[in-house]
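Breakdown of the fold
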Amino acid sequence: QVQLVESGGGLVQAGGSLRLSCAASGNTFGCHNMGWYRQAPGKQRELVASISTTGRTNYADSVKGRLTISRDNAKNTIYLQMNSLKPEDTAVYYCNADCETASRLRNFWGQGTQVTVSS
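The following paragraphs examine the structure supplied in this document. Residue indices follow the written sequence of each chain, beginning from 1 at its first position. Predicted model: local features are reported for residues with pLDDT of at least 70 only, side-chain atom pairs are reported and counted for 80 or more only, and whole-chain, interface and lining totals are derived from all residues. Note: side-chain values were computed over all heavy atoms of the structure, leaving out hydrogens and water.

Here we come to the pairing of strand S10 (residues 105–109). Paired strands are those between which DSSP finds at least two bridges. Helix and strand labels come from DSSP, where a helix needs a run of H or I of at least four residues and a strand needs a run of E of at least two; each type is numbered from the N terminus. Bridge count for strand S9 (residues 91–100) against S10 is 5 bridges, and the pairing is antiparallel. When the bridges of S10 are listed, Asn 96 appears paired with Trp 109. Between the antiparallel neighbours S9 and S10 lie 4 residues.

Mapped onto the elements of the fold, Ser 21 is located in strand S3 (residues 18–26). Residue burial is assigned from relative accessible area. The probe radius is 1.4 Å, only protein chains are included, and a residue is buried under 20% of its type maximum, exposed over 50%, and partly exposed in between. Residue Ser 21 is classed as buried on the basis of its relative accessible area, which comes to 18%. Pairs of residues are marked as contacts when any of their non-hydrogen atoms sit within 4.5 Å. Residue contacts for Ser 21: discarding those within four places in its chain leaves Val 5, Glu 6, Ser 7, Trp 36, Ile 78 and Tyr 79.

Here we take up the state of the cysteines. The disulfide criterion used throughout: a pair of cysteine sulfur atoms within 2.5 Å. On inspection of all chains with the given rule, the structure shows 2 disulfides. A sulfur-sulfur distance of 2.0 Å marks the disulfide that ties Cys 22 to Cys 95. Note on the Cys 22 and Cys 95 pair: the S-S dihedral is about -80°, so by sign convention the disulfide is left-handed. Within this pair, whereas Cys 22 is found in strand S3, its partner Cys 95 is found in strand S9, the two being separated by 73 residues in sequence. Classification of Cys 95 as buried rests on a relative accessible area of 0%. Between the sulfur atoms of Cys 31 and its disulfide mate Cys 99 the distance is 2.1 Å.

All we've got here are geometric facts, nothing functional implied.
Listed below in structure tokens is the structure:
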């Protein structure tokens, strides 16, 4: 089994910054595409940003220029640097990854970390 462990969430004022981390551990030979999703109360889960093993990134329009995704392949870890945060960024942020296991490539989710931005 593969575990995705997130950290770095919290409460911040509008305009502030946070940095989320997500580390993949367990029985994996490595993770390919990894990304961050978020889900606000009463809304559907949405993609925030994703990154491939080669560093190619993809962002939701609402976060371009403010949030930056990066990764450390050696550590199977991704990061989300969140700057100029807005109240509408408030949500539970989930890590997602496609990781190689002994049997096949599988998709995994983290447990989520709360980000709250006060106005």
